[in-house]
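# Geometric and topological summary
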Amino acid sequence: MSIKQTSMVAALLMACPALMFGAGTVKGKVTFTGTPVKQKPIDMSKEPSCAKQYPTPPTTQTIVTGEGDTLENVVVYISAGAPDETTAPTQAVTFEQKGCRYMPHVLAMRVNQELKVVNSDQTSHNIHPLAKVNREWNKSQPPGTPPLSEKFDKEEFISVKCNVHPWMRGYFAVLKTSHYDVSKDNGSFALPNLPPGKYTLTAWHEDYGTQTADVMIAGSETKNVNFAFKAKAF
Amino acid sequence: MRTKIFQGMFVAIGVAFLAAASLCGAQEMESHIGSLTGHSNDGTKLYKRYCFYCHGQYGDGAGENAAWIEPKPRDFTAATFKCRSTTTGFLPTDEDLYKSIARGFSNSNMPPWAPLSNQNRADLVAYIKTFSPRWKTEKPAEVLVVPSEPPVNIESISHGHELFEKLECWKCHGQEGRGDGPSASTLTDSKDQPIRPYNFAGGANDSRFKCGSENADIYKIFMTGVDGTPMPSFGDVIKPNDAWDLVHFLRTLQVNRKSKENEVLKAAGGKLLPEKPAPPAPEAPAAPDAKAPGSR
């Protein structure tokens, strides 16, 4: 190996400790205890083009649960211990309006990552992220128009709504770290490629709030961390 | 020993004084409206005299009158403003704020402050900018260019009506612009306060919009949106000429207002032109081995 090659490998290892010491993974499940509020059916009768897409009225998505009391749509991320990552990924994330609902209901992205908003419906929507730290904008998107391209330059959990269809609510989780996941329908999440270190994990749910847990990664290991939220009665 | 303690105290007080002075200095803002320059220090007394009781000491819209006012006074700490010539989500220009103060907001408790001098209003604009750090950290936004208005005729009004339907403005404003569309009763502003869509048909000959009374003001309203409310920006989806057509149609919804648009519509017997059929989509050339659907 030439000096040049050796120095390149050394630089790579220094830049990415995970390569040098092995990368760990944190994975686990998000569950709830107690009895969650039953989700209400959405009355889309004022928007027939959307209503006809469902054999039975869909329900609100504030609390989405699975078998074994698992909880979906929980953002789990490294909130401390990892350096802030300033370079946004080049790949955009997509937020789709389909059947007068948001897909996904909770979309996580990085600070300054491109967000594409798509309207797949036959009706106009307005995309209105109710940002407090970032800029609050509000744009109309009639059917058949190209995707909107936006980005947020600060970390924030942002509620998104469509004013025309008041049942449409979603969330953007804008994060400074690349180590995040959103819990699946079985409550599972996984944060791979973690260099050795001590981290704080935060789990965020739109209605149940946040929980944190500390975890130590020593090398190429997998640590299990589970979160259990207490369901609200109302 | 005692002398040293006193010296230390003097130094500490001096440092604290300098820090406080620099902190206050950091809050000083200016506004620039044409040849006028406003100074926030000069705006302080004016704010306490005229604005304080509604907008509050901290500019958060929580003045002692706020509880009795609907819609609620603007929260300057959020730096979200309704009437702008800038893209949705961006700060307004100094001139936008200056005009808002002079014009007031119809259908609200904010009166026109035209009796104040131009300099007073410029100073108030500068003072309002001290309530949010966004004025220090954000670059000036791009200002919307309003192209010259094409002539009003029945074609432009009719096309404007087509856009009103296509863009589904009626869902909030109603088919006749009376603010009674199917979504009207469910609308809330960014602070979750109920809000009604604009009723074009209400008011008399002098009826005007919150953000001005000229055709160019209407153009700006829907191209930039009314931030903090459900009214979105259509700037990404309407071309300038189409936007003017929509302005011409919206004027006809102001049935009690004398306007060129209403005269043109009346001269046409009150009837809009039928919608032009959409041009046929160009046929895609058939692939050499194309087969009829379902054929094998």
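Secondary structure summary: chain B contains eleven helices and two strands in total. Expressed as a percentage of the 296 residues in chain B, the buried residues total 42%. In chain B, 60% of the contacts between residues at least 6 apart in sequence involve partners at least 24 apart. Looking at chain B as shown, the accessible area adds up to about 17000 Å², and 58% of this sits on carbon and sulfur atoms.

Here we come to the interface of chain A and chain B. Counting residues at the interface gives 24 residues for chain A and 28 residues for chain B. For the pair chain A and chain B, the summed buried area comes to about 1900 Å², and 47% of that belongs to carbon and sulfur atoms. The largest per-residue losses of area from chain A upon contact with chain B belong to Arg135, Glu136 and Asn138 of chain A, which jointly make up 28% of the total buried on that side. Of the charged contacts in the structure, one is a salt bridge between aspartate 192 of chain B and arginine 169 of chain A, with a shortest N-O distance of 3.8 Å. For the pair chain A and chain B, the number of links is 16 residue pairs in polar contact (both at pLDDT 80 or more). For the side of chain A that touches chain B, the secondary structure elements donating two or more residues are β9 (125-129) and β10 (139-141) of chain A. Within the side of chain A that touches chain B, the residues separate by chemical class into six nonpolar, ten polar and eight charged.

With that out of the way, let us pick up the packing of aromatic side chains. All names here are of chain B. Scanning all chains against the criterion turns up 23 aromatic pairs over all chains. Pairing tyrosine 219 with phenylalanine 222 gives two aromatic rings, centres 6.4 Å apart and planes at 40°, and the pair type is tilted. Of the two residues, tyrosine 219 and phenylalanine 222 both sit in helix α9 (residues 215-224), three residues apart, roughly one turn of that helix. Exposure remark for tyrosine 219: the relative accessible area of 1% places this residue in the buried category. By relative accessible area, which is 4% here, phenylalanine 222 ends up buried. What links up through ring pairs into an aromatic cluster is the set Tyr47, Phe76, Phe81, Tyr127, Phe131 and Trp135.

With 91% of its residues at a pLDDT of 70 or more, chain A shows a mean pLDDT of 91. In the predicted structure, residues 9-19 of chain A sits below a pLDDT of 50 and forms nine contacts with residues beyond four places in sequence or in another chain.

Before going further, it helps to spend a moment on the domain arrangement of chain B. All names here are of chain B. For chain B, the assigned domains are domain 1 (27-137) and domain 2 (154-267). The C-alpha centroid of domain 2 is placed 25 Å from the C-alpha centroid of domain 1. With 19 residues of domain 1 in contact, the opposing surface of domain 2 contributes 15 residues. Surface buried jointly by domain 1 and domain 2 totals about 1400 Å² across both partners, of which 49% is contributed by carbon and sulfur atoms. On the domain 1 side of the interface with domain 2, the three residues burying the most area are Lys82, Arg103 and Ser106, jointly 36% of the side's total. Counting across the interface, domain 1 meets domain 2 through two salt bridges. Between aspartate 227 and arginine 84 there is a salt bridge, and its shortest N-O distance comes to 3.4 Å. Applying the counting rule to domain 1 against domain 2 returns eight residue pairs in polar contact (both at pLDDT 80 or more).

Let us look at the domain arrangement of chain A. Residue and element names in this part refer to chain A. Segmentation of chain A into domains returns domain 1 (15-82 + 179-234) and domain 2 (84-176). Relative placement of domain 1 and domain 2: their C-alpha centres are 19 Å apart. Listed per partner, the contact involves 21 residues of domain 1 and 22 residues of domain 2. Counting each side, the surface lost to burial between domain 1 and domain 2 is near 1900 Å², with a carbon and sulfur contribution of 64%. For the pair domain 1 and domain 2, the number of links is zero salt bridges. One can count six residue pairs in polar contact (both at pLDDT 80 or more) joining domain 1 with domain 2. When residues of the side of domain 1 that touches domain 2 are traced back to their parent elements, those giving at least two are α3 (48-51), β4 (75-80) and β14 (180-182). The residue makeup of the side of domain 1 that touches domain 2, split by class, is eleven nonpolar, seven polar and three charged.

Residue and element names in this part refer to chain B. Here helix α7 (residues 154-166) is 13 residues long and its end C-alpha atoms lie 18 Å apart, about the 18 Å a rise of 1.5 Å per residue gives. Burial in α7 covers these residues: Ile154, Ser156, Ile157, Ser158, Gly160, Leu163 and Phe164. After α7 finishes, the residue glutamate 168 shows a positive phi value of roughly 60°.

So, on to the state of the cysteines. This model, assessed by the stated rule, comprises two disulfides over all chains. At a sulfur-sulfur separation of 2.1 Å, the disulfide partner of cysteine 50 of chain A is cysteine 100 of chain A. The chirality of the disulfide connecting cysteine 50 of chain A with cysteine 100 of chain A is right-handed, given an S-S dihedral of about 65°. With cysteine 50 of chain A in helix α3 and cysteine 100 of chain A in the loop between β5 (93-98) and β6 (101-103), this pair connects stretches of sequence that are 50 residues apart. Just as cysteine 50 of chain A is buried, cysteine 100 of chain A falls in that class too. The disulfide that involves cysteine 83 of chain B links it to cysteine 211 of chain B, with 1.9 Å between the sulfurs. Taking the sign of the torsion about the S-S bond as the criterion, the disulfide between cysteine 83 of chain B and cysteine 211 of chain B, at about -75°, is left-handed. On the criterion of sequence distance, the pair formed by cysteine 83 of chain B in the loop between α3 (52-55) and α4 (94-103) and cysteine 211 of chain B in the loop between α8 (170-173) and α9 is long-range, its members being 128 residues apart. With no disulfide partner, cysteine 51 of chain B has as its closest neighbouring cysteine sulfur the one in cysteine 54 of chain B, 8.8 Å distant. For cysteine 54 of chain B, a relative accessible area of 22% corresponds to the partly exposed category.

Criteria and cut-off values
Residues numbered from 1 in each chain as written. Chains lettered and ligands numbered in written order. Predicted model: local features only at pLDDT ≥ 70, side-chain atom pairs only at ≥ 80, totals over all residues. Heavy atoms only, no water. Helix = DSSP H or I, 4+ residues; strand = E, 2+ residues; numbered from the N terminus. Buried < 20%, exposed > 50% of the residue type's maximum accessible area, 1.4 Å probe, protein only. Contact = heavy atoms within 4.5 Å. Areas by Shrake-Rupley, 256 points an atom, 1.4 Å probe, with all protein chains shown as cover. Buried area = accessible area lost by both parts, 1.4 Å probe. Salt bridge = Lys/Arg side-chain N within 4 Å of Asp/Glu carboxyl O. Polar contact = N/O pair within 3.5 Å; in protein donor to acceptor, adjacent residues only side chain to side chain. Nonpolar A, V, L, I, M, F, W, Y, C, P; charged D, E, K, R; others polar. Phe/Tyr/Trp six-rings, centres within 6.5 Å; stacked < 30°, edge-to-face > 60°. pLDDT = per-residue confidence, 0-100. Domains from an automatic or database assignment. Expected span 1.5 Å × (residues − 1). Disulfide = S-S within 2.5 Å.

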